[in-house]
Amino acid sequence: MSAKRKTLSGYKACRRCKLVVPEDAKQCPNCGSEEFAPRWRGMIAVIDPAKSCIAKRLGIEKSGIYALEIVEE
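A. Region of the structure containing the side chain of Asn30. You can see Asn30 is positioned in the loop between strand S2 (20-22) and strand S3 (36-37). Given a relative accessible area of 19%, Asn30 falls into the buried group. Side chain to side chain, Asn30 and Tyr66 meet in a polar contact 3.3 Å long. Discounting residues that sit within four places of it in the chain, Asn30 has contacts with Cys17, Leu19, Lys62 and Tyr66.

Dropping the structure here:
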């Protein structure tokens, strides 16, 4: 098994809120940031943040798919 992990190709994660967006996005629709990380690990899909204890713990207030970790290069 390879120790090298791959991210979902064609997507990047916002450095501020960790929302996963397509590679061609210029601005994060969640927080407005223009800083993205091409490498990230893990993801969580949040459907109803008001009812999700995980979303509350991670500070997620809007529905979407979020990276669990930004990989710094």
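B. Expanded view of the environment of Leu58. Among the secondary structure elements, Leu58 is positioned in helix H1 (residues 53-58). For Leu58, a relative accessible area of 47% puts it in the partly exposed group. The spatial distance from the C-alpha of Leu58 to the C-alpha of Cys17 is 9.9 Å, given a sequence separation of 41 residues.

Procedures and definitions
- Residues numbered from 1 in each chain as written.
- Predicted model: local features only at pLDDT ≥ 70, side-chain atom pairs only at ≥ 80, totals over all residues.
- Heavy atoms only, no water.
- Helix = DSSP H or I, 4+ residues; strand = E, 2+ residues; numbered from the N terminus.
- Buried < 20%, exposed > 50% of the residue type's maximum accessible area, 1.4 Å probe, protein only.
- Polar contact = N/O pair within 3.5 Å; in protein donor to acceptor, adjacent residues only side chain to side chain.
- Contact = heavy atoms within 4.5 Å.

Taken by themselves, the reported measurements are silent on function.
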